[in-house]
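Fold and contact review
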Amino acid sequence: MIRLENLRVGFSQGGGAQGGSAQGAGEERIVLNDFNLSVPKGQTVSLIGSNGAGKSTVLNAIAGSVPILGGAIFLGERECGGDPEWMRALTVGRVRQNPLAGTAGEMTILDNLALASRKGPRRLRFAVTSRIARNLADKVADLGMGLENRLRENVSKLSGGQRQALTLLMAVLAEPSVLLLDEHTAALDPANADLVSELTKRFVRQYSLTALVVTHDMGRALSEADRIVMMHAGEVVADVEGEEKDRMAVADLVALFRKARGSEYAEDRDLLR
Ligand SMILES: Nc1ncnc2c1ncn2[C@@H]1O[C@H](COP(=O)(O)OP(=O)(O)OP(=O)(O)O)[C@@H](O)[C@H]1O
Ligand SMILES: [Mg+2]
């Protein structure tokens, strides 16, 4: 479960996030002001909206990679708005847009997975026993990409789609309760994007994860998620789920976006990129 209460996040005009500690009296720009969102356990939410709407900032605030100026962040029953990022990483799994970002290219597939599957502070000198290796190989085989035969190859040898699938597997192996995906299929070709998208749905079900998925792909947003939350200028401007969502097509989302922006002339491109 994720619950954001009156969340406030801003950045100094110089570029840095404004933390609780003094950063000087520079101008600050508030990106999220009294932002509220509650996602029940097991629900997948597609977070959509225009460029600069604040979608990534919401994810960064939850993960602890930007500090909050006010409000509360509950992950499960625990309020963790003040916890450091590494501590939140025990609960939060993340996959970003760049397939190179989530894995260590100069390490083998097996070593990447072995590190990811260990909870708590990670010890680099960690012998992968044959039992662990077999278990990980089974999980890799489940990806359906034939990577189980390449476990001792460096990750840098993999394609973007293979690497992103591996990143997703690594994220769930750490047994998070919350999964934050920021345009994680955007850099992939359509076939690989479909594959990673299917994998995402499977993992979310299999591990009962609560997921926030940022995307500009409206078709995927509708088909992947239980609920669509649309943001604009730091605010939630639409929130649909259930039958209402199931009845919607991409054109309906675009129309909703135009209406929410209060302009017939709002660029569809803003939503769809
Ligand atoms: N580290 C930062 N320093 C300064 N400003 C930032 C920082 N991160 C985000 N912002 C600003 O916050 C606003 C929201 O950005 P954010 O990245 O959350 O948008 P987004 O909805 O993810 O957009 P996109 O669809 O383009 O990824 C933008 O105006 C952006 O410039
Ligand atoms: Mg973003």
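For the structure itself, look to the data block above.
Residues numbered from 1 in each chain as written. Chains lettered and ligands numbered in written order. Predicted model: local features only at pLDDT ≥ 70, side-chain atom pairs only at ≥ 80, totals over all residues. Heavy atoms only, no water.

Along its length, the chain carries 10 helices and 10 strands. For the chain, buried positions account for 48% of its 273 residues. Contacts in the chain between residues far apart in sequence, at least 24 positions, make up 69% of those at least 6 positions apart. In the structure as shown, the chain presents an accessible area of about 13100 Å², 47% of it carried by carbon and sulfur atoms. (Helix = DSSP H or I, 4+ residues; strand = E, 2+ residues; numbered from the N terminus. Buried < 20%, exposed > 50% of the residue type's maximum accessible area, 1.4 Å probe, protein only. Contact = heavy atoms within 4.5 Å. Areas by Shrake-Rupley, 256 points an atom, 1.4 Å probe, with all protein chains shown as cover.)

This model, assessed by the stated rule, comprises 1 aromatic pair. Its end group placed over the ring of Phe-74, Arg-3 keeps NZ or CZ at 4.2 Å from the ring centre. We note Arg-202 situated over the ring of Phe-203; from NZ or CZ to the ring centre the distance is 6.0 Å. (Phe/Tyr/Trp six-rings, centres within 6.5 Å; stacked < 30°, edge-to-face > 60°. Lys NZ or Arg CZ within 6 Å of the ring centre and 35° of its normal.)

Where strand E1 (residues 2-12) and strand E2 (residues 28-39) come together, 8 bridges link them in antiparallel fashion. Residue pairing for E2: Leu-7 is matched across the bridge by Phe-35. Pairing between E1 and strand E4 (residues 70-75): 5 bridges, direction antiparallel. For Arg-3, the partnering residue across the bridge sits in E4 and is Phe-74. (Pairing = 2+ DSSP bridges.)

Given 3.6 residues per helical turn, the α-helix brings residues three or four places apart onto the same face. The terminal C-alpha atoms of helix H5 (residues 160-173) lie 20 Å apart, and with 14 residues this matches the ideal 20 Å at 1.5 Å per residue to within 8%. The buried fraction of H5 is high, at 13 of 14 residues. At the exit of H5 stands Glu-175, carrying a positive phi of roughly 55°. (Expected span 1.5 Å × (residues − 1).)

So, about the pattern of salt bridges. Counted under the stated rule, the structure contains 9 salt bridges. Residues Arg-150 and Glu-153 are paired through a salt bridge, measuring 2.9 Å at the closest nitrogen-oxygen approach. With relative accessibility at 30%, the residue Glu-153 sits in the partly exposed group. With a closest N to O distance of 3.3 Å, Asp-217 and Arg-220 form a salt bridge. For Asp-217, a relative accessible area of 33% corresponds to the partly exposed category. With relative accessibility at 13%, the residue Arg-220 sits in the buried group. Overlapping salt bridges, with partners in common, bring together Asp-194, Asp-217 and Arg-220 in one network. (Salt bridge = Lys/Arg side-chain N within 4 Å of Asp/Glu carboxyl O.)

Let us look at the packing of helix H3 (residues 109-116) against H5. Interhelical geometry of H3 versus H5 gives an angle of 30° and a closest axis separation of 8 Å. Looking at the two axes, H3 sits roughly parallel to H5. In this structure, H3 uses Ile-109, Asn-112, Leu-113 and Ala-116 to contact H5, whose residues at the interface are Leu-166, Leu-169, Met-170 and Leu-173. Here the contact of H3 with H5 is composed, by residue class, of 7 nonpolar, 1 polar and no charged. (Axes fitted to C-alpha atoms, helices over the stretch in contact; angles between N-to-C directions. Parallel < 35°, antiparallel > 145°, perpendicular 65-115°, else oblique. Nonpolar A, V, L, I, M, F, W, Y, C, P; charged D, E, K, R; others polar.)

What follows is about the layout of surface pockets. Empty space within the second largest pocket amounts to approximately 170 Å³. As for the second largest pocket, its lining consists of Ser-117, Arg-131, Ile-132, Asn-135, Leu-136, Lys-139, Val-172, Leu-173, Glu-175 and Tyr-207. For the lining of the second largest pocket, the secondary structure elements donating two or more residues are helix H4 (130-142) and H5. Ranked by residue count, the leading element in the lining of the second largest pocket is H4, at 5 residues. (1 Å grid on protein atoms, 1.4 Å probe; cavity = no way out; pocket = protein on both sides within 12 Å on 5 of 7 lines; lining within 4 Å. Points joined across faces, edges and corners; volume = space filled by probe spheres on them.)

A few words on unusual backbone geometry. Its identity as a non-glycine residue notwithstanding, Asp-34 has a phi of 55°, on the positive side. Assignment of secondary structure puts Asp-34 in strand E2. Of note in the backbone geometry, Glu-183 takes a positive phi value of approximately 50° without being a glycine. Its location among the elements puts Glu-183 in the loop between strand E7 (178-182) and helix H6 (190-206).

Take the sheet that holds strand E5 (residues 78-79) next. Sheet strands pair via backbone hydrogen bonds, and the direction of the pair is either parallel or antiparallel. Sheet architecture is open: 4 strands sit in the order E2-E1-E4-E5, paired in antiparallel fashion. Looking along the sheet, the strands with just one partner apiece sit at the ends: E2 and E5. Sheet contacts for helix H1 (residues 55-63): E1, E2 and E4; angle to E1, the most-contacted strand, approximately 110°.

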